[in-house]
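Remarks on the overall topology
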Amino acid sequence: MYYSPTQSDIGIIKQTEKEIFVKIELLNRQFKILESLQGSLISDSLNVDSGSKQRRTYSCEMQISDASFFIGNDKKIWIDKYIRVYYGIKSARTKSIVWWLIGTFTYVDASYHYNADTNTVSLSCADLMADFDGTKQGQLTGYSLTIPAREDVRSTLIALLNQAGITKYLIESAEKEIPYDLEFSGSVTYCDIWTKICDLYDAWEFYFDVDGSFIWRKIPTGLSDPVLADDTLFGDLCLDETVNASFSGIYNVTEVWGKVLELTQNDRYADSSELSGDTYQITLEGVSSLEDFHHLDRIGIKLCADSPYGAKVSINGLEPIPIFHDDGTVVADGRMKMDTTYVFSYRRNAGEEIQNCLYLLGQYQAYGIYKETNPDCPFSVDSLGYEIVNRLNYDHLYSDDLCFNQAQYLTYQTTAMMDTINLNLILIPWLDVNQKVIYTSHGASQPREYLIKSFNWSTLDGTMSVTLYKFLESFSFVNK
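The following refers to the structure shown. Because the structure is predicted, anything quoted here is derived from the model rather than measured.

Thresholds applied
Within any chain, residue numbers begin from 1 and follow the written order of that chain's sequence. Predicted model: local features are reported for residues with pLDDT of at least 70 only, side-chain atom pairs are reported and counted for 80 or more only, and whole-chain, interface and lining totals are derived from all residues. Hydrogens and water molecules were not included; the side-chain quantities draw on all heavy atoms of the structure. A pair of strands is considered paired only if DSSP assigns at least 2 bridges between the two. In this description a helix means any DSSP run of H or I spanning at least four residues, a strand means any run of E spanning at least two, and both kinds are numbered starting from the N terminus. Here, axes are lines fitted to C-alpha atoms. For helices the fit covers the stretch in contact, and angles between N-to-C directions go from 0 to 180 degrees. What is meant by a nonpolar core is a set of buried Ala, Val, Leu, Ile, Met, Phe, Trp, Tyr and Cys residues, joined one to another through side-chain atoms within 4.5 Å. Each residue gets one of three labels from its accessible area relative to the maximum for its type: buried under 20%, exposed over 50%, partly exposed in between, using a 1.4 Å probe on protein chains only. We define a polar contact as two N or O atoms separated by no more than 3.5 Å, with the added condition that, inside protein, one atom must be a possible hydrogen donor and the other a possible acceptor, whereas residues neighbouring each other in sequence contribute only through side-chain atom pairs. Should any heavy atoms of two residues lie within 4.5 Å, those residues are counted as being in contact.

With that out of the way, let us pick up the sheet that holds strand S22 (residues 312-315). In spatial order, the strands read S18-S21-S24-S25-S23-S22-S20-S19; together these eight strands make up an open sheet with mixed pairing. The open sheet has two free edges, formed respectively by strand S18 (268-270) and strand S19 (274-276), since each of these has just one partner strand. This sheet shows a mean twist of 30° between the axes of neighbouring strands, independent of strand direction. Bridge count between strand S24 (residues 341-347) and strand S25 (residues 357-362): five bridges; the pairing is antiparallel. Following the sheet pairing, phenylalanine 344 is matched in S25 by leucine 360.

Okay, structure coming up:
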């Protein structure tokens, strides 16, 4: 997914004198190249932001002479076309143009201006998410959709992509399932559905890549990622550095309230229990074997004592089954409290080695709180000496563990990712967001690792503005 630059690439962008070019390929919906746009570039702008669903946007103004590039359903600029944009520099050594792909886009707005002296066309484009988030299309108007519980997330996504006509995709194996029925009706978009599925589990993302491929993956922490640029590159290309301190939107404590854990008529409840060793003994009517349970059935249990380490449950004297957290770890000593009712989800298959277990969901409502105490973070509770609390409702999160994980990630976004610097660089066309780089900040005694948060550029200016935030392995979101 990352472009690996060669020494030739680096040498070309370091040329003191540059001839710069932009090439725009016209594509149909099957990504077949129809033609290249010919014209003189007057201005353009590329913006890439890791926090946006439409990750890449591009706008340009070109002078044209070919009437087929005017706007119309029989022209090359119309709603049913894509464009693929390349940035090029002529090599001083070989005299050939070296091209770098900077994005695949769909038209959002277009305008044509004619006078006696010049013909210009202005284009405003977004990546292909605009075709699926309602910007241009993507709505399933009047369409009712239910994604049933127990469906595999990856298989569900592939079915949705096929329905949307998306043939280029890369989906990381989530090994997750839809935990409860997801119901959609009215003017829902594909992006709405993807968002709902994505938000079921913490720290996943989806977007369209530079070549127009749909990507679904865990958000990279940078922990095991390679360093793709360092001071040997930045030293010659950095024009200036700016530190902007915005204190809006900083939260070092996040509380997340999740789904209300109601038991339905198909679920079961034990209003009492007895603890023998590490096993709670409970009684449930109509249960003679574990085959009487369905995968993902819920069981409410009022506990008679604080939980021991590695607690288990025996139902009607059957073989004890272990209790796990969502990440597969056993319940810690004292995690669950006496005289408290907890809701569990029965899992028939929970991995290759575990065939029957209970997942701890929480009490009457899923809940998680995370406090950032990392002394390396300037905005942490320990560094500031006080808490800045953000309280949020995520009613799709169905367990305490998922609420905690979401709170942890959101706190990382509002602390670590707010510790930023901005660099003004000679344009480096292969950089992308979420890449790890090494840079020695002005006045710093040693280089530090950063992740790219966002950037923008203008081709004719030949420069780019890049926002970086510090990478710190000491953050629990990163190292866990």
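Here we come to the nonpolar core. Residues Ile147, Ile193, Trp194, Ile197 and Trp216 are the most contacted members of the largest nonpolar core, which totals 49 residues. Breaking this core down by element, the ones donating at least two residues are strand S9 (145-147), helix H2 (153-164), strand S11 (182-184), helix H3 (190-198), strand S13 (204-208), strand S14 (214-218), strand S26 (365-371) and helix H6 (400-413). Ile13, Tyr58, Ile102 and Phe455 belong to the second-largest nonpolar core, a separate cluster that totals 46 residues.

This next bit is on the side chain of serine 380. Tracing the backbone shows serine 380 in the loop between S26 and helix H5 (381-384). A distance of 3.1 Å separates a polar atom in the side chain of serine 380 from the backbone oxygen of cysteine 377. Sequence-distant contacts of serine 380, defined by excluding residues within four places in its chain, comprise Asn252, Glu372, Thr373, Asn374, Pro375 and Gly385.

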